[in-house]
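# Tertiary structure, described
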Protein chains: 4
Amino acid sequence: MNAVAKTFSTEGDYKVADISLADFGRKELDIAEHEMPGLMSIRKKYAAAKPLAGVRVTGSLHMTIQTAVLIETLKDIGADVRWASCNIFSTQDHAAAAIAKTGTPVFAWKGESLEEYWDCTLDALTFPGSGADKHLGPQLVVDDGGDVTLLIHKGYELENGSKWVDEAASSHEEQVIKNLLKRVAVERPGFWHTVVRDWKGVSEETTTGVHRLYQMVEQGNLLVPAINVNDSVTKSKFDNLYGCRESLADGLKRAMDVMLAGKVAVVCGYGDVGKGCAHSLRAYGARVVVTEIDPINALQASMEGFEVNTVESTLGRGDIYVTTTGNKDVLTIAHLSQMKDQAIVCNIGHFDNEIQVDALNAFAGVTKLNIKPQVDKYTFADGRAIFLLAEGRLVNLGCATGHPSFVMSNSFSNQTLAQIDLWANKDAYEAKVYILPKKLDEEVARLHLEKIGVKLTTLTSEQAAYLGVSVDGPYKPEHYRY
Amino acid sequence: MNAVAKTFSTEGDYKVADISLADFGRKELDIAEHEMPGLMSIRKKYAAAKPLAGVRVTGSLHMTIQTAVLIETLKDIGADVRWASCNIFSTQDHAAAAIAKTGTPVFAWKGESLEEYWDCTLDALTFPGSGADKHLGPQLVVDDGGDVTLLIHKGYELENGSKWVDEAASSHEEQVIKNLLKRVAVERPGFWHTVVRDWKGVSEETTTGVHRLYQMVEQGNLLVPAINVNDSVTKSKFDNLYGCRESLADGLKRAMDVMLAGKVAVVCGYGDVGKGCAHSLRAYGARVVVTEIDPINALQASMEGFEVNTVESTLGRGDIYVTTTGNKDVLTIAHLSQMKDQAIVCNIGHFDNEIQVDALNAFAGVTKLNIKPQVDKYTFADGRAIFLLAEGRLVNLGCATGHPSFVMSNSFSNQTLAQIDLWANKDAYEAKVYILPKKLDEEVARLHLEKIGVKLTTLTSEQAAYLGVSVDGPYKPEHYRY
Amino acid sequence: MNAVAKTFSTEGDYKVADISLADFGRKELDIAEHEMPGLMSIRKKYAAAKPLAGVRVTGSLHMTIQTAVLIETLKDIGADVRWASCNIFSTQDHAAAAIAKTGTPVFAWKGESLEEYWDCTLDALTFPGSGADKHLGPQLVVDDGGDVTLLIHKGYELENGSKWVDEAASSHEEQVIKNLLKRVAVERPGFWHTVVRDWKGVSEETTTGVHRLYQMVEQGNLLVPAINVNDSVTKSKFDNLYGCRESLADGLKRAMDVMLAGKVAVVCGYGDVGKGCAHSLRAYGARVVVTEIDPINALQASMEGFEVNTVESTLGRGDIYVTTTGNKDVLTIAHLSQMKDQAIVCNIGHFDNEIQVDALNAFAGVTKLNIKPQVDKYTFADGRAIFLLAEGRLVNLGCATGHPSFVMSNSFSNQTLAQIDLWANKDAYEAKVYILPKKLDEEVARLHLEKIGVKLTTLTSEQAAYLGVSVDGPYKPEHYRY
Amino acid sequence: MNAVAKTFSTEGDYKVADISLADFGRKELDIAEHEMPGLMSIRKKYAAAKPLAGVRVTGSLHMTIQTAVLIETLKDIGADVRWASCNIFSTQDHAAAAIAKTGTPVFAWKGESLEEYWDCTLDALTFPGSGADKHLGPQLVVDDGGDVTLLIHKGYELENGSKWVDEAASSHEEQVIKNLLKRVAVERPGFWHTVVRDWKGVSEETTTGVHRLYQMVEQGNLLVPAINVNDSVTKSKFDNLYGCRESLADGLKRAMDVMLAGKVAVVCGYGDVGKGCAHSLRAYGARVVVTEIDPINALQASMEGFEVNTVESTLGRGDIYVTTTGNKDVLTIAHLSQMKDQAIVCNIGHFDNEIQVDALNAFAGVTKLNIKPQVDKYTFADGRAIFLLAEGRLVNLGCATGHPSFVMSNSFSNQTLAQIDLWANKDAYEAKVYILPKKLDEEVARLHLEKIGVKLTTLTSEQAAYLGVSVDGPYKPEHYRY
């Protein structure tokens, strides 16, 4: 990775790859706005009230064109926003430039080092203060994967006496975080307590990040109320499923230009993300093998006509591997080193630890050849080679441009409503994990129907009474699965 | 409808269409057992313990070959079973005969009148007693649509002074029920209190029946603990979805032999049943229009490529109409009378009131021609005609043989486990609606994997710890939607 | 097989199972007419001209409801028609009855013996004559599989001195034919020369029958002009493909009520019939393995996402086997005897020799149990069992009702146009195999568009000139593959 | 368009965008070779014989990575190759660089002006000569769209006295050609007769180019034998169909990052290209409307479940338009100016005249904004805007990288075998259009099976005899449609 000085330009309160890309970014932002009716409706609805007026919001979420529309929505309803990406490869530099150009502090570029990444995260959560509070933290956090939440909690615990930063790190990234916290402890003593003092909540949109939050609640460590945006139906059943159905193939194509028809594709995991991936690959004419640990999901995959088998059973016949699990060590070095020659390996689950990338890099006799950014060819001693995309990080964001705008409009409408809700209830909510009420979930859906020409049927009052629901919804019991 | 004497044969404690069909039924039962690995595993597992030993169980559930395997499973684990169908058209007469032949009292034939239907229901819940208790009721009920539950509650309320039987009935069927209750009041005074005295619970497997139960809980009327089997994932996401994906077309084909490719098919409702129907019809080359009231389901349909529109917008172009909603008056007489010539109309939702059949029969100028059993052609004054299948009742059961065995094995495994659970917890459970624990849901799935060649992956203990779950499950949070 | 006297009723010049089914048949004929716009248009167009006025036409083609509409179309345009089925199981008895009732001689019932079948064929080609020509033959033949063509040629050759009837037969059916010819030789000396004298042509609609015709041309034996209807695009790319896509599953469902989702289905052959079958099964959620001999078709199957493998590789995992090849010995006794327990085996290709049924019946230790008509269970010595449908004959016609009306309207419009063409050109055509001109093929398609709401675009004259075609078509070069 | 000096680098006998991209190109070539088993097998088979030894071959075909593998295959079997692209936007600059680096003259870069394009074509067909023949032409031509064939014929006719170059041009491009020919006439008198003297044949791979060849044969103008590669099954049913099924969405995604689910997509034309496009878009969840002029193709589209309607009927609801027809004026300015706001318009048919781009540029009140290369936004006077991709040229090549390697291996294996065949039969063939024998077509397929794991079944000799084919094929009659 190059030195910082070369990888970004910064003249104001931002760090982006190339500020001159701002005009191009703005053109794409204009296009995206037409595809994000949910966010545009929210802007209109809250334009006058400005429910987040003056609220300091830190975002840690892939800095793409779609996110730029989210940022400008948050600003439109009053927020004071700072932003970083949540992935070293996912930033679209023209999107970051367009946002920086408007004066919103953004710290993100495609191809950050891990050190740069965490520095950017710190930059994004450091608001300028004054007097005793030279540095202020966010009042609300928009999180994706939970990195900001993690950093604040770890910093706070350090100031409370935790020894975690001195313990041996289990990965390179963990050590980077520890180093950063040690540096902050020196440079900004007491900073994290100041942050926590003002912090009123976080909304989180990934399965993994939400899982972390529930664990923190269980362990009694969570410091603020959190809204689980991931489990809004209009997030998990749309972004995870339909988003990946479009963006996985996009990533594979831009990275490898490979024919998918006729290939054997192995999709590890058949949750919403896996469902989207498996169906997309099959529609291209690939033969898809699904791996699963959960018998219910496995039965679903089988009923949909997929072979369900183990990774081991596919070695030697699998051409493409996609991890979608949110678990670690799904593709081990034992798997990687025995794959069919020219196999393509990528992850769309969440973290890069789904694939044992470190072990691959360290494997005896392996050589690594970079084909182009985010495409590496690993050749084993026996001559077989595999291609690893985006260094094991999200292939749709690393190799393409992430999910398309329309589906993100659903997710980000939930994020925005969650931010409004957190602020409105900042005095009422406890440090627990909340889910948006079904009524709001339905509202998010409703905001997207006109754009795609959907005509809803309206219940008569007799029908509503028969069903025992209101004519205006919500229509389903909480346990309904869609 | 013919007089009772002609429509069934009864030499023992049963009423079936033709006892001589027993051998044919047995052959198909043998085949079905191979396709119902869940039930067969349960038989094996509980063969020795017999957890329902001597328990009186009344079933009110479509008397098909698959149900016959369920009945024999309940008997295998000890129960004393009596059975009726829950639909006047859904009985497979050879299945009923095979069960009757073994000595299990069954009261069901294809094509019952409504009077016969409710008589059969009474027969199924009347166990022979002795002494003061000349007639005993069931200790457990297996219900589908809630008719047994309804009858017991209404009878009990009558004996408590309710005047409901004397109020004007809103439908012919309601009057039939009232007449029956009045007759029982005369013939068996106090009978319903005896029934309720011994009744320990009910398991219910339909969306509609479950909905009724929750309403009774809300109103404080529910007399016994109930298990909501419908919302087991291995029921709602399998039976409702994959079952209908196979059985809707089966019903249409057997009834009409119609080409589905090229037709415009209107699917009212995009819940699990609607999803299965819409996808099935599209796979045949039909152009499917979905109608929905819920914006989330509507958005799902649109993301899957379906046009979402109102029934009104389809009049004149829709060739096939399928109701799947669980609501009433979905296809009104205003719709029916304006449809394209030769349109085919059917219901796979639950009750026949999804289509305004009574209004159709009464419509000015309409003539009705029976083509064959369960297929009626209605010709309007202007010469246009429509075909109504199964008189608006479930088309897959009325015109074909219902869902295939494999998917019913999932549903019925849940039913069986629910019965065992109700009995085991008869002293612990309150008069509320319970859902089977996720662990059992996963178990039901697991029992079906081997048959279809699924190989599950097993978590390592490190992976399980990372996810915060047990290696053996359950694997998902309660709100997970599959 | 029962004696003839029991299997059909005959009061006039017909043999059908039950003439009292005529009314039911007529009701279904009325429905079918609405689904067969091509035939109805032809009736209207030629109603006045009656181009087949007085022409004696023998048909040998599955005696279904759809064929009944064809027969009435031929009669409407003037023909004097006699009919037999071309398959012992494919007759719909109510269709045969409806036709017989109108006075058209028809000789067909479901479940003929082979002796009865060939007797019926002879009946269908024997028109009443007078004087020296006591028996007259047809002037035109509508053939499906070539049985009438075969019989006439063999009879003619016999009268010319061929010894074929005395040679050892390679199958039971061949012996039946030889016996029949020997009987006719005694009863009606010179009959076949009379037949050939008047015979002006045959139209044939199956791949197999057409193949036989080309072989006869090659060998110099063909006696009359023939029109290959099978290779009209509106036949092979519709009936074979889309017909089977609907009727295979219909046959499987009516025979076995089996769940297709999750099953491994093996489709032997990936021609048009195989394509329809494979796609249908996959849409149901089956995992389909295709077997092929032709590398081009195999590559197509693979590009569509199917596993292409040998039958051998599927033994032990295949749940359903479907032959679609038009070849013999595709499923051998070696295959049949090693299949997975409960495997279902059927043929939709053409002849029953795709599966070695004779060898199966003769296999050591096998027992055969009839479950219901057209469904037999064979149990091997080791306890494994397989199900054979329709005794290896066409499963869609044996176990269901064949292709739906709409697709048959395409095929039969081609048949009708071919009959008109053969008669119009009876003096011009040679004893060769002709294909209908592309213009007529397009016309057949055009007749079916309105029914399904298709709006065609019309070329401008500039566009037509640019393409070098006429505004009205034909639009494609002869080698175009659609 | 910039001046030539800026758009390419040339130090040797080549013109490419940036020769420093050669290494990157070579890495991708290495990957592509693994995906092009047909070409690699041909290399191996003919490595020793070198059937094109010393033959001068000019190629005019999209200069992509896949084409680079074709070029190196031709060189491997002995040819002396010069190359240009056949489309101003389709060149992949790293592919061109890699080829140029090896010393093969290539004249192509992404974003040529039309003047540059035709200059490159001339460069590609000008081989260095000596003595009287200072410039030599090719002995064989690999053509895609027929531009080289056109240029040679027009040049030859000019030298024979044609006045065509002086007639008014119907388009800007036609004028460019005329100007070039006039310049060549001055600079290289008699050049075209020298070219024609040595020219032995052309192989052409597009529907449009082939159509032109047949027209030339009809008009008696064709100068050399031609092989129609387009109508090899392994070309038209693979490249056109499966290639577009993968590359259309790729082009749309890279250009617009747009969500396809929920959109209304209009596919003009349902030939092989249209079939691939329509199925791809539907698999993404778009609702596809097909437009067709041919009733047979229209009926196919309807049987596959597509709405078939006119472009006019879609105005205001169509979100995406794709032309696939090979015809001109398919989307007229009347259509373009009435489309829904934000509609995306592109062509994957062949020439840019499918869409009236010139008329759009000239339309009153329209403004054009370039978003990024190959993406232009046209805003109409009323504020509505549409996006035009690749200026109406092939969207898959202009906005993405064309078809994937595997499918191109089929097409290019046909091209290579055609070149070998043309040279081998240079004395036998007449100036007509030939098709490769079916045996070679099957061979091309066979070369691709192992890579994707296909296991073929082999006929027994009895089966082959029954079918009347050889065990080794060819297996199908000429009229078979696959």
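Thresholds applied
Residues numbered from 1 in each chain as written. Chains lettered and ligands numbered in written order. Predicted model: local features only at pLDDT ≥ 70, side-chain atom pairs only at ≥ 80, totals over all residues. Heavy atoms only, no water. UniProt positions renumbered as here; feature names shortened; annotations may be inferred. Helix = DSSP H or I, 4+ residues; strand = E, 2+ residues; numbered from the N terminus. Buried < 20%, exposed > 50% of the residue type's maximum accessible area, 1.4 Å probe, protein only. Contact = heavy atoms within 4.5 Å. Buried area = accessible area lost by both parts, 1.4 Å probe. Salt bridge = Lys/Arg side-chain N within 4 Å of Asp/Glu carboxyl O. Polar contact = N/O pair within 3.5 Å; in protein donor to acceptor, adjacent residues only side chain to side chain. Phe/Tyr/Trp six-rings, centres within 6.5 Å; stacked < 30°, edge-to-face > 60°. Lys NZ or Arg CZ within 6 Å of the ring centre and 35° of its normal. Expected span 1.5 Å × (residues − 1). Pairing = 2+ DSSP bridges. Axes fitted to C-alpha atoms, helices over the stretch in contact; angles between N-to-C directions. Least-squares fit on C-alpha atoms with pLDDT ≥ 70 in both. Core = buried A, V, L, I, M, F, W, Y, C linked by side-chain atoms within 4.5 Å.

Chain A has the name Adenosylhomocysteinase in an unreviewed UniProt entry, where Lysobacter cavernae is given as its organism. Under the Subcellular location (unreviewed entry) heading, UniProt states for chain A: "Cytoplasm". Note on chain A: under the UniProt heading Function (unreviewed entry), the record states "May play a key role in the regulation of the intracellular concentration of adenosylhomocysteine."

All right, on to the overall build of chain A then. Within chain A, the regular secondary structure consists of 20 helices and 17 strands. Projected onto its principal axes, the C-alpha positions of chain A cover 70 × 65 × 45 Å. Within chain A, the fraction of its 482 residues that count as buried is 67%. Sequence-distant contacts, at least 24 apart, represent 71% of the contacts inside chain A between residues at least 6 apart.

Moving on, we come to the UniProt feature "domain: S-adenosyl-L-homocysteine hydrolase NAD binding" (unreviewed entry) in chain A. Following the UniProt record, one finds the feature "domain: S-adenosyl-L-homocysteine hydrolase NAD binding" (unreviewed entry) at residues 240–402 of chain A. Between the C-alpha atoms that bound residues 240–402 of chain A the distance is 11 Å, and the span itself is 34% helix and 23% strand.

Another aspect to go through is the interface of chain D and chain C. Every contact between the two is made by 66 residues of chain D and, on the other side, 66 residues of chain C. Taking both sides of the interface into account, the surface hidden between chain D and chain C amounts to around 6,000 Å²; carbon and sulfur atoms contribute 58%. Considering only the surface of chain D that becomes buried against chain C, Ile-293, Tyr-466 and Arg-481 of chain D emerge as the three largest contributors, covering 14% of it. For the interface between chain D and chain C, the tally reads 4 salt bridges. When the shortest N-O distance is used, the salt bridge between Glu-304 of chain D and Arg-245 of chain C registers 3.4 Å. Summed over the shared surface of chain D and chain C, the number is 28 residue pairs in polar contact (both at pLDDT 80 or more).

To continue, consider the packing of aromatic side chains. By the definition in use, this model includes 30 aromatic pairs over all chains. Arranged with centres 4.0 Å apart and planes meeting at 15°, the rings of Tyr-429 of chain A and Tyr-434 of chain A form a pair that is stacked. Between Phe-191 of chain C and Trp-192 of chain C, the ring centres sit 4.9 Å apart and the planes meet at 65°, which makes this aromatic pair edge-to-face. Across this residue pair, the class does not change: Phe-191 of chain C and Trp-192 of chain C are buried. The ring of Phe-127 of chain A carries Arg-56 of chain A above its face, with NZ or CZ at 6.0 Å from the centroid. Over the aromatic face of Phe-127 of chain C sits the side chain of Arg-82 of chain C, whose NZ or CZ is 5.7 Å from the ring centroid.

Here helix α2 (residues 22–35) of chain D is 14 residues long and its end C-alpha atoms lie 20 Å apart, about the 20 Å a rise of 1.5 Å per residue gives. For α2 of chain D, the complete set of buried residues consists of Ala-22, Gly-25, Glu-28, Leu-29, Ile-31, Ala-32, Glu-33 and Glu-35 of chain D.

We now examine the interface of chain B and chain C. With 40 residues of chain B at the interface, the matching set in chain C holds 40 residues. Taken together, both faces of the contact between chain B and chain C bury some 3,700 Å²; the carbon and sulfur share is 52%. When the area that chain B buries against chain C is broken down by residue, the three leading residues are Glu-246, Asp-257 and Met-259 of chain B, summing to 18%. Seen at the junction of chain B and chain C, the total is 8 salt bridges.

Right, let's talk about the pairing of strand β12 (residues 320–323) of chain C for a bit. All names here are of chain C. Where burial is concerned, the two faces of β12 agree: the one with Ile-320 and Val-322 and the one with Tyr-321 and Thr-323 are both buried. The sheet contact formed by strand β9 (residues 264–268) and β12 spans 4 bridges and is parallel. Within β12, the residue paired with Cys-268 across the bridge is Thr-323.

An order of β11-β10-β9-β12-β13-β16-β15-β14 (chain B) is seen for the 8 strands of this open sheet, with the pairing classed as mixed. The two strands at the open ends of the sheet, each matched to only one other strand, are β11 (307–308) and β14 (367–372) of chain B. In terms of strand pairing, β14 of chain B meets strand β15 (residues 375–379) of chain B through 5 bridges, oriented antiparallel. When the sheet's bridge partners are listed, Asn-370 of chain B is paired in β15 of chain B with Asp-376 of chain B. The strands touched by helix α2 (residues 22–35) of chain C are β14 and β16 (385–389) of chain B; relative to β14 of chain B, the strand with the most contacts, the crossing angle is about 110°.

Between chain B and chain C, the superposition needs a rotation of 180° and an axial shift of 0.0 Å, giving an RMSD of 0.1 Å. Such values leave the two copies arranged in the relation of a two-fold axis. It is Ala-283 of chain B whose C-alpha, among those of chain B, lies nearest the rotation axis, at 2.9 Å. Here 100% of the contact residues of chain B are again contact residues in chain C; the copies associate through an equivalent surface.

What follows concerns the side chain of Ser-232 of chain D. Within the secondary structure, Ser-232 of chain D is located in the loop between β8 (226–228) and α11 (233–256). Residues within four places of Ser-232 of chain D in sequence aside, it is in contact with Arg-481 of chain C together with Asn-414, Leu-436 and Asp-441 of chain D.

Attention shifts here to the environment of Val-176 of chain C. Residue and element names in this part refer to chain C. Its place among the elements puts Val-176 in helix α8 (residues 172–187). Spatially, the C-alpha atoms of Val-176 and Glu-115 are 6.1 Å apart, while their sequence positions differ by 61 residues. Here Val-176 is in contact with Leu-114, Glu-115 and Trp-118, once residues within four sequence places are set aside.

In this section: the sheet that holds strand β9 (residues 264–268) of chain A. All names here are of chain A. Read from one edge to the other, the open sheet built from 8 strands follows the order β11-β10-β9-β12-β13-β16-β15-β14, with strand pairing classed as mixed. Two strands in the sheet have a free side with no partner beyond their single neighbour: β11 (307–308) and β14 (367–372). In terms of strand pairing, strand β10 (residues 287–291) meets β11 through 2 bridges, oriented parallel. Across the sheet, Val-290 pairs through a bridge with Val-308, a residue of β11. Helix-sheet contacts for helix α12 (residues 272–283) involve β9, β10 and β12 (320–323), and the interaxial angle to β9 is about 170°.

Take the relation of the copies chain D and chain C next. Overlay of chain D on chain C (RMSD 0.0 Å): rotation 180°, translation along the axis 0.0 Å. Most of the interface of chain D is mirrored in chain C, where 100% of its interface residues again form contacts.

Core analysis: the biggest nonpolar cluster contains 263 residues, and Trp-192 of chain B together with Trp-192 of chain C have the highest contact counts within it. Once residues within four sequence positions are removed from consideration, Trp-192 of chain C is found in contact with Leu-122, Leu-125, Leu-151, Ile-152, Gly-155, Tyr-156, Glu-159, Leu-181 and Val-184 of chain C. Counting 259 residues, the second largest nonpolar core, distinct from the first, contains Val-57 and Ala-79 of chain B together with Val-273 and Leu-299 of chain D.

Turning our eyes to something else, we now look at the pattern of salt bridges. For the coordinates displayed, the defined rule picks out 108 salt bridges over all chains. Taken together, the shared-partner salt bridges in this structure form one network comprising Arg-56, Asp-133, Arg-197 and Asp-198 of chain A.

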